[in-house]
Amino acid sequence: MKLRHIISAKQFDKNTLSNLFSIVDKIKAKKYPKNALRGKIMATLFYEPSTRTRLSFESAMLRLGGSVVATDNAAEFSSAIKGETLEDTIRVVNSFCDVVVLRHFVSGASEIAASYSKVPVINAGDGSHEHPTQALLDLYTIFSKFKNPDFTVAMVGDLATYRSVHSLSYLLTLYPRVKFIFVSPDKLRIFPELRERLKKSGNEFTETDKLVDGLREADVIYQTRIQKERLTKSDYKKYFGVYVIDKNSLKLMKKNAVIMHALPRINEITKDVDKDPRAIYFEEAQNGLYVRMALLLYLFDPVRD
Ligand code: CP
């Protein structure tokens, strides 16, 4: 499948994922063209903070022989602070580079940017909407542990505004034997759109407010952070610390289950969990580099159909 921009997980089908993940495997085995992107320039425009997404994208480009131009905190240090619109910024920046990686606080910002850009735009997180490249690395990580897509995934915490939950859930609905347990407070439940999607795809799913249901039943526990930047002050106070995975949680989990988290984490997974072999969130973050390298190779591949 031709992907010009990467805006949403909904652009991916099983075949594209399989092709992409086979490139990731080659990258991990160091069997990739080292200077494949020599002469290409990536612009990273991040209007929200980031550690993993931005640095792994920039590292991916550099490892493939390309270059990076960036503005630290685009909301403050780009001309956005003077009142320039995103549209105008993209119109200008796209003439300086070959790909734009954009993180923005507005849901739908990447789609708007793509409509003004002559070069590919990659959504590195748009508001509470989507984070497709996080979902790709999450899915790759899950498939590295479970070869057959017939596992149960518990999504835990803020399922309303946590953008990687939206993107990853969508990708997982491509595999109808995957079961979901959505664990959240009532106010932070999944959106009706995802519920509809699940009904269409035929995936079994349940919704609960009890973490213990997810811990006992799931093969993949996908923990989320309660996000100060997305919730009202009172909701943040109410839900912060409501679901914590700690040493006692480990006793309830299946032996071969895994704990994932897009990171950063605050208090929702205690540090004493890190040493448990089922805690794979740092491996997940490392896969971000390989998956983003594969995505760049895929985007720029001149012979791809
Ligand atoms: N997972 C993720 O998006 O992390 P950053 O916010 O650090 O990029």
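Definitions and limits used
- Residue indices follow the written sequence of each chain, beginning from 1 at its first position.
- For this predicted model, a pLDDT threshold of at least 70 governs which residues receive local features, and a threshold of 80 or more governs which side-chain atom pairs are given and counted, while totals over whole chains, interfaces and linings are taken from all residues.
- Only hydrogens and water are set aside when side-chain values are computed; all heavy atoms of the structure are taken into account.
- Note on conventions: DSSP H or I runs of at least 4 residues are helices, E runs of at least 2 residues are strands, and numbering of each starts at the N terminus.
- By this rule, a helix spans an expected 1.5 Å times one less than how many residues it contains.
- Burial classification: accessible surface area is computed with a 1.4 Å probe over protein chains only, and a residue below 20% of its type maximum counts as buried, one above 50% as exposed, and the rest as partly exposed.
- A pair of strands is considered paired only if DSSP assigns at least 2 bridges between the two.
- Helix axes use the C-alpha atoms of the stretch in contact, all axes being lines fitted to C-alpha atoms, and the angles between their N-to-C directions lie in the range 0 to 180 degrees.
- Every residue pair with non-hydrogen atoms within 4.5 Å of one another is taken to be in contact.
- Any angle that is under 35 degrees is reported as roughly parallel, and any over 145 degrees as roughly antiparallel; angles of 65 to 115 degrees are reported as roughly perpendicular and all others as oblique.
- Gly counts as polar in this scheme, as do all residues outside two lists: the nonpolar Ala, Val, Leu, Ile, Met, Phe, Trp, Tyr, Cys and Pro, and the charged Asp, Glu, Lys and Arg.
- Marked domain ranges trace back to an automatic or database domain assignment.
- Summed over both partners, buried area is the accessible surface (1.4 Å probe) that two parts give up on being assembled.
- Whenever Lys or Arg places a side-chain nitrogen within 4 Å of a carboxyl oxygen from Asp or Glu, that contact is recorded as a salt bridge.
- Two N or O atoms count as a polar contact when they lie within 3.5 Å, although within protein this holds only if one can serve as hydrogen donor and the other as acceptor, and sequence-adjacent residues are included solely when both atoms are side-chain atoms.

Counted at 1.5 Å a residue, the expected span for helix α12 (residues 281-300) with its 20 residues is 28 Å, and the 29 Å between its end C-alpha atoms agrees. The element α12 is largely enclosed, with a buried count of 16 among its 20 residues.

Our next topic: the sheet that holds strand β4 (residues 121-126). Strand order in the open sheet formed by four strands is β2-β1-β3-β4, with parallel pairing between adjacent strands. At either end of the open sheet lies a strand with only one pairing partner, and these are β2 (67-71) and β4. Here the strands of the sheet are splayed against their neighbours by 15° on average, with no regard to which way each runs. In the sheet, strand β1 (residues 41-46) pairs with strand β3 (residues 99-104) via five bridges, with the strands oriented parallel. Each bridged residue has a counterpart across the sheet, and for F46 the counterpart in β3 is R103. Each of β3 and β4 touches helix α5 (residues 109-116); the most contacted strand, β4, lies at about 160° to it.

Across the interface, helix α1 (residues 14-28) lies against helix α6 (residues 132-145) with an axial gap of 11 Å and an inter-helix angle of 75°. In terms of axis orientation, α1 runs roughly perpendicular to α6. Of the residues in α6, those touching α1 at L17, L20, F21, V24, D25 and K28 are L136, L139, Y140 and F143. Of the residues that constitute the contact of α1 with α6, the class distribution is eight nonpolar, no polar and two charged.

As a further point, take the domain arrangement of the protein. Here the domain parsing of the protein yields domain 1 (9-130 + 286-300) and domain 2 (132-280). Summing both partners gives a buried area of about 2,300 Å² for domain 1 against domain 2, and 62% of it is carried by carbon and sulfur. In this structure, the connection of domain 1 to domain 2 is made through three salt bridges. Here domain 1 is connected to domain 2 by eleven residue pairs in polar contact (both at pLDDT 80 or more). Listed by contribution, the elements that provide at least two residues to the side of domain 1 that touches domain 2 are α1, α2 (52-63), β3, β4 and α12. The dominant element in the side of domain 1 that touches domain 2, judged by the number of residues it contributes, is α1, at seven residues.

Another aspect to go through is the pairing of strand β7 (residues 205-208). Pairing of strand β6 (residues 179-183) with β7 involves four bridges; the strand directions are parallel. The residue bridging I181 from the neighbouring strand is T206, located in β7.

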